[in-house]
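# Secondary and tertiary structure notes
Given next are the chains, with one letter for each unit.
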Amino acid sequence: MSANTSNTAATTGEVPVLVRTRDAEIIQDGPTSLITLLADTPGLTANLATFRKGSPGAPAHFHTRASEMFHVTEGTMRILLGEEIVTLETGDFLLVPPNTTHAFAPAPDTEAKMLVVFTPGMDRFDYYRLLERVHRGEADFAELRATSERFDNHYVDSPVWREAIAGK
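Residues numbered from 1 in each chain as written. Predicted model: local features only at pLDDT ≥ 70, side-chain atom pairs only at ≥ 80, totals over all residues. Heavy atoms only, no water.

### Comments concerning the sheet that holds strand S9 (residues 102-106)
Strands in a sheet are paired, the pairing made by backbone hydrogen bonds, and the direction either parallel or antiparallel. The antiparallel open sheet is built from five strands, whose spatial order is S7-S6-S9-S4-S11. For this open sheet the edge positions go to strand S7 (84-88) and strand S11 (154-155), each flanked by a neighbour on one side alone. Pairing between strand S4 (residues 58-62) and S9: two bridges, direction antiparallel. Paired with His61 across the two strands is His102, which belongs to S9. Along the sheet, helix H4 (residues 159-167) contacts S4, strand S6 (77-81), S7 and S9; its crossing angle with S6, the most-contacted strand, is approximately 160°. (Pairing = 2+ DSSP bridges. Helix = DSSP H or I, 4+ residues; strand = E, 2+ residues; numbered from the N terminus. Contact = heavy atoms within 4.5 Å. Axes fitted to C-alpha atoms, helices over the stretch in contact; angles between N-to-C directions.)

### Observations concerning the pattern of salt bridges
Inspection of every chain in the model, using the stated rule, returns six salt bridges. Salt-bridge contacts for Arg129 lead to Asp126; the nearest nitrogen and oxygen are separated by 3.0 Å. Highlighted residues: Arg129 and Asp126, both in helix H1 (residues 125-136), separated by three residues, approximately one helical turn. The closest approach of N and O atoms between Asp126 and Arg150, which form a salt bridge, is 3.3 Å. Here the residue Asp126 occupies a position in helix H1, and Arg150 occupies one in helix H3 (residues 148-151), the gap between them amounting to 24 residues. Assessed through its relative accessible area of 29%, Asp126 is described here as partly exposed. Put simply, Glu25, Asp126, Arg129 and Arg150 are held in one network by salt bridges that share partners. (Salt bridge = Lys/Arg side-chain N within 4 Å of Asp/Glu carboxyl O. Buried < 20%, exposed > 50% of the residue type's maximum accessible area, 1.4 Å probe, protein only.)

Next up, the structure:
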């Protein structure tokens, strides 16, 4: 059995998926964050998110069809979990079930890396590419909002998260 070594060609969960660092596509979704695309299969979507100091991370949102898992590989992350802010340190893991509002950003004055996994997967790499186009000014936020059903990413307002981010 041979492993699938192309992260964009991985379309089934029936074969191993191997992504070499040198082959992974890297998306810049903002001036202080990167997303390394790892796997996008029907079973799961995985990426490595890298946050520099001051990164706003991801705004408050929820998913209706997927659980989202976070594993902090370096640094410290703040996560909105419903109406509570939790702190994840290096090595910590969090599973967010569907329909749970969440957001994330590195703790103030820190950098962090986090493995992010969705299950089931849903051809999400195009969402990350759209984020990069928004960052570059090639698309606007309205286009991002218009894809909420397709990519199961539903943005919401969270006063708790706004206050946490404002207070840094």
